[in-house]
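Commentary on secondary and tertiary structure
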Amino acid sequence: MRKETKSRKPIEIYFVLYLSALVLLISKPNKVNDAQIQIQNTFELPFTIKAEKPMLVYRTISDSLGNKHVEIDSINNIWDVGDVEDVHYEFVVEDQSLKHSVRLSHNISKENKFFKFKEDSKNRMATFYWHPSIHEQENKTFIVFVAANAKLKNADNNERVKAQTQFSLVITHDNAYDNYQNLVQHGNIDNNITSNQNHNQYINRQLSDEINLYPQYYKINNIASVEWSNKIFYSGINPKKELALKIKNDPESNGGSAYIASYDNGVVTIKGKTPVFGTTKISLTALRKSDYKEAAVSFDIRPQEFEAPEYPRIMYPEQTYRLNPKLPLELDNASAMLKDGNTVRVEVRQGGIIEFTPSTSDVGKILSFERFANGISLGIRNIKIAAYPPPEIVRISETATKNVLIMQVNSYGIYNGKENIIQRINLTGNAISKQLYGKTAYDKINHIWTELFEITIADSDKPFKFKVTAVDSRGTASKEKECSH
């Protein structure tokens, strides 16, 4: 049954809210409790918005004939407060199970058959309308995020201010016939009354007297040991006296925790610490004292998996390497270090990047790269410091000119801060060499130098035979190549 909402006079509302905010600003209590903080945040000037209801519920109960009895609260008013004008609203409706959202705005002309809103500048409000499908058979929760922007009155620079709030939409479906039959079998309903009459009375009671508990999120993935927050939307109970919280960690020593942070009209906020590993299950049970009717809801907290770090498996001396721990910036107690045994060579915190340049004396060592989150190791990766390979004679190729060959030589890395290029060619036999300057190429990623040398016959009256090695800046020689042409 649709509930009609009467228009309210904006001047009276503005005066009451303004007076409340003024009293809070003037008063100076010795202790500021959570409720006071919440009120001050809610009515913070110069501009705020507030939803009339924290939750709209669409409830259906099917009877034995397949007919649906429906209870729906489909309208919510959002009021603005402050010395502003030209207020515009935007609504984002998010399906919590599918993570699909619908955006509604005054400048979006596309109609949506389930959601719409209307701005009423005269009464300083916006009205949100919800028309769920009559064929809906699943329990669902939607979160409606409301954003408003407005122009400050008497502002010279046309400054606009923003405000936000949210409320939930809940769909519940129940088979009243099965529940009714169960109560009849256990003697909780008088069989002397006709079945149809009794069944209808039961349906009416179900629609008007149910306890509702719905979480904003059924699953929360969060950074290990960092605080999480979830809202529980309720109706039909006194949460301070009739709502109990239970926590179960799996395994028990995973560090997860939970507590009730605040109570508001229709909303209980639960907070806690995310477990370091495993799962934390939060259960809330409502037991109404007047009729001992019960309801329960639960949700899970899991630690967020960290990205794999980026690091080289092998390092070479005198090159600068960047190691990215891939730790979240929002994690307060995060660090990464590069160690040589028990000696820390480099350490960074809060998602920083490690830059490291091995020296020649590090050749042959195995360094360990380790990440930490809230004092807990996320694993160790080993990095080998290797010497550059010796230079390599890649090929000796013929040319169109008789007794003239081209030799390609690769050398690797850096030496004494400079390029490790070929310093000399050692030739034995009937040949001489000349470097072809201007033909040198450099692979910056892999630090490979490619140089070309022209080899010609020394004495044309003798066979063109020779042995050759190339020596780099380190004095390291390549393997000897023998050529007979």
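Source: prediction; values computed, not measured. (Residues numbered from 1 in each chain as written. Predicted model: local features only at pLDDT ≥ 70, side-chain atom pairs only at ≥ 80, totals over all residues. Heavy atoms only, no water.)

As a further point, take the nonpolar core. Counting residues in hydrophobic clusters, the biggest one holds 29 residues, and the most contacted among them are Phe 47, Ile 78, Tyr 89, Phe 91, Phe 128, Phe 167 and Leu 169. Within the residue set of this core, elements represented by two or more residues are strand 1 (47–51), strand 2 (55–62), strand 5 (84–95), strand 7 (115–120), strand 8 (125–130), strand 9 (140–152) and strand 10 (160–175). In contact with Phe 47, not counting residues within four places along its chain, are Asp 80, Val 81, Gly 82, Val 84, Val 87, Ala 148, Asn 149, Ala 150, Val 161, Lys 162 and Ala 163. If you look at the next biggest cluster of nonpolar residues, it comprises 18 residues, including Ile 211, Ile 220, Val 268 and Ala 295. (Core = buried A, V, L, I, M, F, W, Y, C linked by side-chain atoms within 4.5 Å. Buried < 20%, exposed > 50% of the residue type's maximum accessible area, 1.4 Å probe, protein only. Helix = DSSP H or I, 4+ residues; strand = E, 2+ residues; numbered from the N terminus. Contact = heavy atoms within 4.5 Å.)

The next thing to look at is unusual backbone geometry. Here the bond from Asp 250 into Pro 251 is cis, since omega is 0°, no more than 30 degrees from zero. Within the secondary structure layout, Pro 251 lies in the loop between strand 14 (243–250) and strand 15 (259–264). Phi is positive for Arg 124, which is not a glycine, with a value near 55°. For Arg 124, the position within the fold is in the loop between strand 7 and strand 8.

Inspection of the secondary structure puts Gln 435 in strand 31 (residues 431–435). A relative accessible area of 16% places Gln 435 in the buried class. Sequence separation of Gln 435 and Arg 424 is 11 residues, and the distance between their C-alpha atoms is 9.5 Å. Ignoring any residue separated from it by four or fewer positions in sequence, one finds Gln 435 in contact with Thr 440, Glu 451, Leu 452 and Phe 453. A polar contact is formed between the side chain of Gln 435 and the side chain of Glu 451, at a distance of 2.7 Å. (Polar contact = N/O pair within 3.5 Å; in protein donor to acceptor, adjacent residues only side chain to side chain.)

Our next topic: the pattern of salt bridges. All chains considered together, the criterion is met by 18 salt bridges. Between Lys 326 and Glu 310 there is a salt bridge whose closest N-O contact spans 3.2 Å. Of this pair, Lys 326 sits in the loop between strand 20 (321–323) and strand 21 (334–340) while Glu 310 sits in the loop between strand 18 (294–303) and strand 19 (314–315); the two residues are 16 residues apart in sequence, bridging distant segments of the chain. Owing to a relative accessible area of 23%, Lys 326 belongs among the partly exposed residues under this scheme. A salt bridge links Arg 322 to Glu 355, with the nearest nitrogen and oxygen atoms 2.9 Å apart. A residue pair is termed long-range when its members are at least 10 positions apart, and Arg 322 in strand 20 and Glu 355 in strand 23 (residues 354–356) qualify at 33 residues. (Salt bridge = Lys/Arg side-chain N within 4 Å of Asp/Glu carboxyl O.)

The subject of this paragraph is the sheet that holds strand 21. With mixed pairing, the five strands of this open sheet are ordered in space as 19-25-24-21-22. With partners counted over all chains shown, the strands left at the sheet margins are strand 19 and strand 22 (343–349), one partner each. By the bridge criterion, two bridges tie strand 19 to strand 25 (residues 376–385) in an arrangement that is parallel. When the bridges of strand 25 are listed, Ile 314 appears paired with Lys 384. (Pairing = 2+ DSSP bridges.)

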